[in-house]
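Coordinates in review
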Amino acid sequence: MHRKAKPFLPVFLFFLSMIGSIIFIGTAPAYAEETNKTQSCSAHNRPCLIDEMTALTADIDKKAWRDQTYREIAKTLAFDGQFEKAVSIIDKIETPDTKAMTIRGIGVILAAQSHSAEELNNKFSTLHSKAKEIEHAASHGIALTYIAMAQAFAGDDKGAWETCAMMENVSLQNKAYGETAEIQAERGDFKAAQKSIQSIESPAFRNKAYVTISRILSDKGLYDDALSAATNITNAYKKTQALQYLLDAQKPRERILEKVHKE
């Protein structure tokens, strides 16, 4: 007499369910540990959240996205007063341009914070060291330009000029002096801006810089300084443009004409 065969499908399903239970039991603690790790930071624990972001960024496959994310983390650390940690993030960035932009971001934040002159000098020296590590010549020059701008923002004109003088690429150096002059003009310091422009080797670039700072000074109502800047322009067309801007800043034609048309 033959025994009745047990249905194959129910037994097979039971066997699968047992294997699934064993796998789940074996992996559940690790999964729970990972989940707890992700949720271990409170919303207001900024250092913890930043550390978590830094760890996650290493898993981003696309280099451009990974580098951009590191850049923003570095800026956040600098903003939170974690300068050393911010600088350490630069080493994780592979793209030279993004390294330069990160140095810029850290430098600008430094300039906006309250630091003694000695502290600023030490921190900018560290940024110089990081810029020097950038092997791509153009990106290295851009990094130095950004450092000079940050120093000018901080009122460290001497440091800004020294940074500009370090640059070997004359074109980038001229640009750095011009950018520095603009920041100094925004501060209302024409003498410092003029000194920056006088270091520019190219007459054409020097004229362009004088036009720019003359307009900035006109917008700030510093008309005598704006005129002094315009007087240094050797190109007749550019000089008349600067003088016209000065006149319009004193008495805006557009506003007066708009008022006439409305009446």
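Quick word on the overall build of the protein chain
Counting secondary structure elements, the protein chain contains 14 helices and zero strands. The order of helices and strands in the protein chain, counted from the N terminus, is α-α-α-α-α-α-α-α-α-α-α-α-α-α. Across the 263 residues that make up the protein chain, the buried fraction comes to 34%. The long-range share in the protein chain, meaning contacts at least 24 apart out of those at least 6 apart in sequence, stands at 50%. When the accessible area of the protein chain is evaluated, it comes to approximately 16,600 Å², of which 57% is carbon and sulfur surface.

Digging into the nonpolar core
In this structure, Ile 103, Ile 106, Phe 124, Leu 127, Ile 147, Ile 197 and Ile 213 are the most contacted members of the largest nonpolar core, which totals 57 residues. With eight residues, the top contributor of residues to this core is helix 7 (residues 137-153). Once residues lying within four places of it in the same chain are set aside, the contact partners of Ile 197 are Ala 181, Arg 206, Ala 209, Tyr 210 and Ile 213.

Brief notes about the pattern of salt bridges
One pass over the structure, following the stated rule, counts 10 salt bridges. Here Glu 72 and Arg 71 are joined by a salt bridge, their closest N and O atoms 2.9 Å apart. Arg 187 is paired through a salt bridge with Asp 157; the nearest N and O atoms lie 2.9 Å apart. Placement of Arg 187 in the loop between helix 9 (170-186) and helix 10 (190-198) and of Asp 157 in helix 8 (residues 157-165) is noted, with a sequence separation of 30 residues between them. Overall, the relative accessible area of 11% leaves Asp 157 in the buried class.

Quick notes on the packing of helix 4 (residues 83-90) against helix 6 (residues 117-132)
Packed helices, taken two at a time, are described by the angle between their axes plus the distance between the axes. Look at helix 4 against helix 6: their axes get within 11 Å of each other, and the N-to-C directions meet at 10°. As judged from the angle between their axes, helix 4 and helix 6 are roughly parallel. Residue-level contacts link Phe 83, Glu 84, Val 87 and Ile 90 of helix 4 to Lys 123, Thr 126, Leu 127 and Lys 130 of helix 6. Among the residues forming the contact of helix 4 with helix 6, the class breakdown is four nonpolar, one polar and three charged.

Observations regarding the side chain of His 128
Positionally, His 128 belongs in helix 6. With relative accessibility at 15%, the residue His 128 sits in the buried group. A polar contact of 3.0 Å, which involves the side chain of His 128, links it to the side chain of Thr 163. Beyond its immediate stretch of four places on either side in the chain, His 128 contacts Leu 144, Ile 147, Gln 151, Thr 163 and Met 166.

Digging into helix 3 (residues 63-79)
The first and last C-alpha atoms of helix 3 sit 24 Å apart over 17 residues, in line with the 24 Å expected at 1.5 Å per residue. Turning to helix 3, its buried residues are Arg 66, Asp 67, Tyr 70, Ile 73, Ala 74, Leu 77 and Ala 78. In a view along the axis of helix 3, the buried residues occupy a sector of 135°, so they form one face of it. Exposed residues pointing more than 90 degrees away from the buried face of helix 3 are listed as Trp 65 and Phe 79. In this structure, the buried side of helix 3 is in contact with helix 2 (46-57), helix 4 and helix 5 (96-112). Immediately beyond the C-terminal end of helix 3, within one or two residues, lies Gly 81, with a positive phi of roughly 85°.

Reading guide: rules and limits
Residues numbered from 1 in each chain as written. Predicted model: local features only at pLDDT ≥ 70, side-chain atom pairs only at ≥ 80, totals over all residues. Heavy atoms only, no water. Helix = DSSP H or I, 4+ residues; strand = E, 2+ residues; numbered from the N terminus. Buried < 20%, exposed > 50% of the residue type's maximum accessible area, 1.4 Å probe, protein only. Contact = heavy atoms within 4.5 Å. Areas by Shrake-Rupley, 256 points an atom, 1.4 Å probe, with all protein chains shown as cover. Core = buried A, V, L, I, M, F, W, Y, C linked by side-chain atoms within 4.5 Å. Salt bridge = Lys/Arg side-chain N within 4 Å of Asp/Glu carboxyl O. Axes fitted to C-alpha atoms, helices over the stretch in contact; angles between N-to-C directions. Parallel < 35°, antiparallel > 145°, perpendicular 65-115°, else oblique. Nonpolar A, V, L, I, M, F, W, Y, C, P; charged D, E, K, R; others polar. Polar contact = N/O pair within 3.5 Å; in protein donor to acceptor, adjacent residues only side chain to side chain. Expected span 1.5 Å × (residues − 1). Arc of directions from axis to C-beta.

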